[in-house]
Amino acid sequence: MLGFRKDGSVAYYKWWSSVSKPEVTKNSPFKCGIEKEKTINIRRGKNDFYDYTDPYISYENFPVVFLNMGKIAAAGGYWDGRLNLHSTENDSIIDTYYNHTETITCLISDDKENFLISGTKSGECILWEISPELTKLSPKFHFFDHDNRINHIFISKELKLFATASDDGKINIYNYVIGKLMRTIHHPDKLPIKTVALTSSPLPSVLFFSDEDRSLYSYSINGRLLEQLVEESQHMMSPLILKDLNFNEVFVYGNEKGELYMRELPFL
């Protein structure tokens, strides 16, 4: 597990068992702690005289993805639209891509690190193929289906789909194998959407949250509203689809108050 701080330092967290760490008590058979730390300059390359980071991008949602066990960082957030591949081993730029013309606002990769998806301030989206050595990117699919900033991207390997959430009030759902837009779901009041998630069971569905009405919505994958829930918090953070002890999928997320929620699917 990796943590990225404002000062550019990267913390590598590790779980230790009581076998390798005898000081861990019987009541806590596992312990999480920092294994090592490194500092990298994401904001500016070694040969750059200026800081190209878009001030609109917050560090709470900085568009960076770590690949190859944290050895490589793919980073956006620059006002000229660049996407950098950054080596965390020697704090150097491996490669830079200028396929986007606007600031990259979100990045995500699949679990196997076969592809990377980037979304921008203008609503543009690119699916990139990652080379086997994880040091090269090749644009495979290019999408122009949003009219405003893309705030969040979520990948479902079970459904072979990914979804994008945008300030234009739309959720776009794509098949990442063939690069096709499958469906668009609109916010009922056309409000900006900040986060999105896809779930495959017990019913394939789409979950999304708007901080303008503080509402969490659950739709079937075919676009039918299943449930709406008004939250007390203003923001939803780090949404995940996990499985409980009965192997049922549940929706887990946090908020700005430090609270953690787990909701049953698809009716919340």
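The text that follows walks through the structure, step by step, so that each part is easy to find.

Criteria and cut-off values
Residues numbered from 1 in each chain as written. Predicted model: local features only at pLDDT ≥ 70, side-chain atom pairs only at ≥ 80, totals over all residues. Heavy atoms only, no water. Helix = DSSP H or I, 4+ residues; strand = E, 2+ residues; numbered from the N terminus. Contact = heavy atoms within 4.5 Å. Areas by Shrake-Rupley, 256 points an atom, 1.4 Å probe, with all protein chains shown as cover. Pairing = 2+ DSSP bridges. Axes fitted to C-alpha atoms, helices over the stretch in contact; angles between N-to-C directions. Core = buried A, V, L, I, M, F, W, Y, C linked by side-chain atoms within 4.5 Å. Buried < 20%, exposed > 50% of the residue type's maximum accessible area, 1.4 Å probe, protein only. Salt bridge = Lys/Arg side-chain N within 4 Å of Asp/Glu carboxyl O. Phe/Tyr/Trp six-rings, centres within 6.5 Å; stacked < 30°, edge-to-face > 60°.

A short note on the overall build of the chain
Each helix and strand in the chain was counted, giving zero helices and 22 strands. Considering only contacts within the chain whose residues lie at least 6 apart along the sequence, 39% involve residues at least 24 apart. Of the roughly 14,100 Å² of accessible surface on the chain, 51% is carried by carbon and sulfur atoms.

As for the sheet that holds strand E21 (residues 249-254)
Across the sheet, which stays open at both edges, the three strands sit in the order E20-E21-E22 with antiparallel pairing between neighbours. This sheet does not close on itself; its edge strands, each paired only once, are strand E20 (237-243) and strand E22 (260-264). Pairs of neighbouring strands in the sheet enclose a mean axial angle of 20°, with direction left out of account. Note that E20 and E21 share five bridges and pair antiparallel. The partner of leucine 240 across the bridge, within E21, is valine 252.

Points about the nonpolar core
Counting 24 residues, the largest nonpolar core has Ile171, Val196, Val206, Phe208 and Phe251 as the members making the most contacts within it. Breaking this core down by element, the ones donating at least two residues are strand E13 (161-166), strand E14 (170-175), strand E16 (195-199), strand E17 (205-210), strand E18 (215-220) and E21. Here the element with the most residues in this core is E17; it accounts for four residues. Excluding residues that lie within four positions of it along the chain, valine 196 makes contacts with His152, Phe154, Ala163, Thr164, Ala165, Ile171, Val206, Leu207, Phe208 and Pro239.

Some points on the pairing of E13
The buried count for E13 comes to six of six residues, which makes it a mostly enclosed element. Burial of E13 is two-sided: the residues Leu161, Ala163 and Ala165 facing one way and the residues Phe162, Thr164 and Ser166 facing the other way are all buried. By the bridge criterion, six bridges tie strand E12 (residues 150-156) to E13 in an arrangement that is antiparallel. Across the sheet, residue phenylalanine 154 finds its bridge partner in E13, namely alanine 163. Between E12 and E13, which follow one another and run antiparallel, lie four residues, and lysine 160 among them has a positive phi close to 55°. Judged from the five bridges that link them, E13 and E14 form a sheet pairing that is antiparallel. Across the sheet, residue alanine 163 finds its bridge partner in E14, namely isoleucine 173. Hairpin connection from E13 to E14: three residues lie between these consecutive antiparallel strands, with glycine 169 at a positive phi of about 80°.

Quick notes on the pattern of salt bridges
On inspection of all chains with the given rule, the structure shows nine salt bridges. Measuring nitrogen to oxygen at the nearest pair gives 2.7 Å for the salt bridge that ties aspartate 54 to lysine 121. Separated by 67 residues along the polypeptide, aspartate 54 in the loop between strand E3 (30-39) and strand E4 (64-67) and lysine 121 in the loop between strand E9 (115-120) and strand E10 (125-130) bring together distant segments of the chain. The exposure class assigned to lysine 121 is partly exposed, which follows from its relative accessible area of 27%. For lysine 170, the salt bridge is made with aspartate 147, and the minimal N-O distance between the two is 3.8 Å. Taken together, the residues span a long stretch of sequence, with lysine 170 in strand E14 and aspartate 147 in the loop between strand E11 (137-143) and E12 at a distance of 23 residues. Residue aspartate 147 is classed as exposed on the basis of its relative accessible area, which comes to 64%. Bridged by salt links that share partners, the residues Asp147, Asp168 and Lys170 form one connected network.

Here's the deal with the environment of proline 132
Summarising the element assignment, proline 132 is placed in the loop between E10 and E11. On the basis of relative accessibility, which here comes to 80%, the residue proline 132 falls in the exposed class. For the pair proline 132 and asparagine 114, spaced 18 residues apart in sequence, the C-alpha separation works out to 7.8 Å.

A word on the packing of aromatic side chains
Taken as a whole and assessed by the stated rule, the structure comprises 10 aromatic pairs. Where tyrosine 97 meets tryptophan 128, the ring centres are 5.6 Å apart and the plane angle is 65°; that geometry is what we call edge-to-face. A residue pair is termed long-range when its members are at least 10 positions apart, and tyrosine 97 in strand E7 (residues 92-97) and tryptophan 128 in strand E10 qualify at 31 residues. Tryptophan 128 matches tyrosine 97 in its accessibility class, with the two residues each being buried.

Geometric values such as these leave the question of function open.
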